[in-house]
Amino acid sequence: MEGAHENAAESSSSVPRSEEPAGWARGPEVLPPEESEGCAGSLDAAPKKLCGYLSKFGGKGPIRGWKSRWFFYDERKCQLYYSRTAQDANPLDSIDLSSAVFDCKADAEEGTFEIKTPSRIITLKAATKQVMLYWLQQLQTKRWEFHSSPPAPPAAPDAAPAGNGPALRLELEQEEEELEDFLSPVRTPPGLVGVAAALQPVPAKPLALQNISLKHLGTEIQNTVYNIRSNRQAQGTGHGPPGEDPPLSAGPQRAERPLPSDPGTPGKDPADSPKPTAKSSLTANLIQKAKRPNNTFPLFAEGLTRTRPAQEKILALEQQVLMLTKELKSQKELVRILHKALEAAQQEKRASSAYLAAAEDKDRLELVRHKVRQIAELGKRVEALERERESLVQAAGLREQQVQELQRHVQLLLEKNQAKQQVICKLSEKVTRDFTHPPTQPPVPPGAADRDFLSQQEKMEHLKDDMEAYRTQNRFLNSEIHQVTKIWRRVAENEKALLMKCAYLQAKNCQVESKYLAGLRRLQEAAGGEATESSELLRQLTQEALQWEAGEASADGVELSPISEYDEYGFLTVPNYEMEDLKLLAKIQALEVHSHHLLAHEAVERPLRERWAALGDLAPSVELKQLLRAGVPREHRPRVWKWLVQLRVRHLQSPGHYQELLSRGQVREHPAARQIELDLNRTFPNNKHFTCPTSTFPDKLRRVLLAFSWQNPTIGYCQGLNRLAAIALLVLEEEESAFWCLVAIVETIMPADYYSKTLTSSQVDQRVLQDLLLEKLPRLMAHLGQYRVDLSFLTFNWFLVVFADSLISNILLRVWDAFLYEGTKVVFRYALAIFKYNEEEILRLQDGLEIYQYLRFFTKTICNSQKLMTIAFNDMNPFPMKQLRQLRRAHRERLEAELHELEQLKAEYLETRSSWGPAVPDGCTSEDEGEGEA
């Protein structure tokens, strides 16, 4: 667009130095004749500023209407200031363009357009349509420049041109080319915009009061007083009335004397005032002019000299020096950041060494307090980032609302335009028909025919004008939607980067806090039961840590991902340990789980979600197997599980089969119904869906278990089936889907007799697991054998309910994802991986009782699902299914032989018992005789 780059290049001279645009009171009448003539002669060559007179609709009551205002754009703040005249010292108000959108209506008065900000809508009117389009295009360009350019340092106004570097200029040129595709650039209207417009007389209004702003009456009075004072000063210094030439003798003196400073500009440094003596060097003179406040602002360009090529060379060199200075500063900043990182690492190393080398508890407590202070500082940083993120979210929401509103408006305009085009087409066809086949009508007087033709021609001209107006409006709105969408995308990218940074800081905060709590726990164990001052302090710190909740840490802001009491499936986030000394451990586990989740969200979970989204239709494949091992995202899990269950039980399913099984239970009660009722209250006591009195999950679980008891009479009901069905209900939510999932596990995935009364297959798998542990983890098994620890008391339940009571829900459901596809081999892999994950901790325990106590809860301490999955499917290899079948076959033969031998012993005992005769020996009174005597 014409004048866009000149506007950007002179931003340093047009930016006011205070909160309000300064120097507005200097009109052309305060300039010496020589300077006034020189500037007036070079107005066409000077860069054009975005300023000019526009009519603004406002006011209340009888004075409501159009008011003439002088508008001026501030490059630094992206604000459009306006006052009553160009000579006013203080602006009446300003319009923030950084979050504004622009609109023009084809059916409105010519030259009318709107600026819509989040807080208000400003209606403006230009003198002509060309002026309106010029203002709209320039405002769009200025808004994009503000959002694209990096923020300029406030203390260096001379560096403002450096903000438009080569990269930024290239981006702005590309943006202008894209906008030109929608709307061709509008030429600068001569005399109506820019500094030349200030020389024009103020547009007159019928009533003088109508143009005065009563809302800003104080500012109006200040401007009036200032203008009067300026006129008096001009007359006192020898200026005649406007239009009267001053004496020629006064010219040199007035040219040598500096212009008076602006008394209406607050906060101006005396050092910035004009110097009374001229510099001999051209460079020094240019620097002095660049630092001098623009007393004729905003009427004339600053620093206009006759040696224009030399000045341009100097400015180019200065701009290059500024760019190199900025690059040097960035390199220094990088070195400083690296130094800080090195110092932080060395400080952490020194702190760890001091903690390990400390001989007394007092020194260690001092180190702990230092870590507490560091945690507080990190918390403050997280809060600051949260506040920044909230502001960005609000801005993005406002932008999205504005884009939606513009899209609706464009759609309405398109529909209206289409309707008008249809009317035009019909009228054109009718006119064509009338010309080609005139109807046979009685002769019409010549005057009436001419009048009809002229009226039709006039209507056609009006319709053409309307079409052109709508076409122009459509092109402009398309360009506005295009630019607003690009700005919104940039804001969304910034918000995403801040969210990632905030998640990383929050994860690090959780890690530091968990280390602090772990240190407290170790100190508490080391202190033992001694009633000393340090033990009392440890007790207080432990209580504070247990009472502190993550939600209280940021009471002033909203956390990125707070540690809630329950997870997405209703399980307790912090395990509910009954022992008091394990509650601190539960808090540490919750923090570690949260930290792993935050750190893995972008690195692991997001790529995994993208792979699942791109998978399409489900079909057995190596890719699907790898994805199931990595875990199914929550939004895809119900669909994937239904497909996996369907693969297993499609030969058993029939329409209405589940309802038929339920109807059997209504006719007569199943023998297992009482045991099912007892186990309902013991199903997942740490899950809110099965403990809440108003929840429907217990009733669903009851019906699923009763239907299965009728489906498989050989099993009926076995303890453990309730937890399998409950997991299926939590994921699938539908009763029938959960029922078929239970059928798939019991009848197709698990071996036969796994849930029978003898639990034969379950016992076989425990012996197979012992062999695999001896092969894969010989050191651990030797250590456990030394203290006579039997693992079957723990692992038997793992296999029976597929870890339903052992692992945290995040890891448990990943295990089930692979288990439903690959079968029981996954259970063996994860059982071995759990022991491998905690092998070093178990080896450190040197007492059988301590090992048993640790094995009670050690599976809940596993927080890193990625690490556990890697151990299960990589470190445990090779793990052939052929080996598993051979071990099962061998152990089943031994177990059946043992059971057969046990049955023989039982039969021999019963035969011997029956040969003993009466059950009551001689001399003893039977129970019946005793009752009779009584």
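What you see is a predicted model, and the numbers here were worked out from it, not measured in a lab.

Enquirer: Any details on the sheet that holds strand 1 (residues 51–58)? Residues and values, ideally.
Expert: Strand pairing in a sheet relies on backbone hydrogen bonds, with the paired strands running either antiparallel or parallel. Read across the open sheet, the 7 strands follow the order 4-3-2-1-7-6-5; overall the sheet is antiparallel. Each edge of the open sheet is held by one strand with a lone partner, namely strand 4 (93–96) and strand 5 (101–104). When strand polarity is set aside, the average angle formed by the axes of neighbouring strands in this sheet is 35°. Bridge count between strand 2 (residues 65–74) and strand 3 (residues 79–83): 5 bridges; the pairing is antiparallel. Paired with F72 across the two strands is Y81, which belongs to strand 3.

Enquirer: I'd like to hear about a nonpolar patch on the surface, residue by residue, with values.
Expert: Judged by side-chain polarity, V431, F435, F453 and L454 come together as a nonpolar surface patch covering roughly 410 Å² of accessible area. Looking at the nonpolar patch, the elements that each hand over two or more residues are helix 10 (361–436) and helix 11 (446–527). Mapped onto the secondary structure, F435 falls in helix 10.

Enquirer: Any details on the pattern of salt bridges? Residues and values, ideally.
Expert: A complete count under the given rule lists 32 salt bridges for this structure. Across the pair R120 and D93 runs a salt bridge, and its minimum N-O distance is 3.7 Å. Here R120 is found in the loop between strand 6 (112–116) and strand 7 (121–125), whereas its partner D93 is found in strand 4, with 27 residues between them in sequence. Its relative accessible area of 28% is what places R120 among the partly exposed residues. On the basis of relative accessibility, which here comes to 25%, the residue D93 falls in the partly exposed class. The partner of E677 in a salt bridge is R702, and the shortest N-O contact between them spans 2.9 Å. Linking E677 in helix 17 (residues 673–680) with R702 in helix 19 (residues 697–711), this pair joins segments that are 25 residues apart in sequence. R702 sits in the partly exposed class, given a relative accessible area of 24%.

Enquirer: Can you lay out unusual backbone geometry for me, pointing to particular residues and giving the numbers?
Expert: Leaving glycine out, the prevailing phi sign among residues is negative, and the prevailing peptide bond configuration is trans. The residue after N877, namely P878, is reached through a cis peptide bond having omega -5°. As for its placement among the helices and strands, P878 is situated in the loop between helix 29 (865–875) and helix 30 (881–914). Here the phi dihedral of C78 falls at roughly 55°; this positive angle occurs in a residue that is not glycine. By secondary structure assignment, the location of C78 is in the loop between strand 2 and strand 3. Look at C78 and you get buried, because its relative accessible area is 0%. For D753, which is not a glycine, the phi torsion comes out positive at approximately 65°. Here D753 lies in the loop between helix 21 (735–749) and helix 22 (760–776).

Enquirer: Break down the confidence of the model for the protein for me, with residues and values.
Expert: Per-residue confidence for the protein gives a mean pLDDT of 75, with 68% of residues at or over 70. Here residues 238–307 is modelled with pLDDT under 50, and outside its nearest four sequence neighbours on either side it reaches 114 contacts, counting other chains as well. Below pLDDT 50 for its whole length, residues 549–562 participates in 23 contacts with residues either more than four positions away or in separate chains.

Enquirer: Give a description of the packing of aromatic side chains that names residues and reports values.
Expert: For the structure on display, the rule yields 20 aromatic pairs. A centroid spacing of 5.8 Å and a plane angle of 65° characterise the contact between F690 and F697, whose relative ring orientation is edge-to-face. In terms of burial, F690 and F697 fall into one category: buried. Centroid distance F799 to F828: 4.9 Å. Interplanar angle 70°. Geometry classified as edge-to-face. Of this pair, F799 sits in helix 24 (residues 792–801) while F828 sits in helix 26 (residues 825–837); the two residues are 29 residues apart in sequence, bridging distant segments of the chain. The same class applies to F799 and to F828, which are both buried.

Enquirer: Before we move on, can you summarise helix 30 with the specific residues and values?
Expert: End to end, helix 30 covers 49 Å across 34 residues, agreeing with the expected 50 Å (1.5 Å per residue, within 8%). All buried positions along helix 30 are accounted for by L884, L887, R888, H891 and L895. Packing partners of the buried residues in helix 30 comprise helix 22 and helix 26.

Enquirer: Quick one: what's the story with the pairing of strand 2, residue by residue and with numbers?
Expert: For a regular strand, the rule is simple: side chains alternate between the two faces of the sheet. With 10 of its 10 residues buried, strand 2 lies for the most part within the structure. Pairing of strand 1 with strand 2, which is carried by 8 bridges, proceeds in the antiparallel orientation. For C51, the partnering residue across the bridge sits in strand 2 and is F72. Count of turn residues in the strand 2/strand 3 antiparallel hairpin: 4 residues, of which C78 carries a positive phi of about 55°.

Enquirer: Report on the nonpolar core, specifying residues and quantitative values.
Expert: Ranked by size, the top nonpolar core spans 115 residues in total, and within it L721, I745, Y755, F803 and F835 carry the most contacts. Other than its neighbours up to four places away in sequence, F835 contacts L773, L777, L780, L791, L794, T795, W798, I842 and F858. Listed in part, the 37 residues of the second largest apolar core include L92, F113, L124 and I481.

Parameters at a glance
- Residues numbered from 1 in each chain as written.
- Predicted model: local features only at pLDDT ≥ 70, side-chain atom pairs only at ≥ 80, totals over all residues.
- Heavy atoms only, no water.
- Pairing = 2+ DSSP bridges.
- Helix = DSSP H or I, 4+ residues; strand = E, 2+ residues; numbered from the N terminus.
- Axes fitted to C-alpha atoms, helices over the stretch in contact; angles between N-to-C directions.
- Patch = residues over 30% accessible without salt bridge, like charges linked within 9 Å, V, L, I, M, F, W, Y side chains within 5 Å.
- Areas by Shrake-Rupley, 256 points an atom, 1.4 Å probe, with all protein chains shown as cover.
- Salt bridge = Lys/Arg side-chain N within 4 Å of Asp/Glu carboxyl O.
- Buried < 20%, exposed > 50% of the residue type's maximum accessible area, 1.4 Å probe, protein only.
- pLDDT = per-residue confidence, 0-100.
- Contact = heavy atoms within 4.5 Å.
- Phe/Tyr/Trp six-rings, centres within 6.5 Å; stacked < 30°, edge-to-face > 60°.
- Expected span 1.5 Å × (residues − 1).
- Core = buried A, V, L, I, M, F, W, Y, C linked by side-chain atoms within 4.5 Å.

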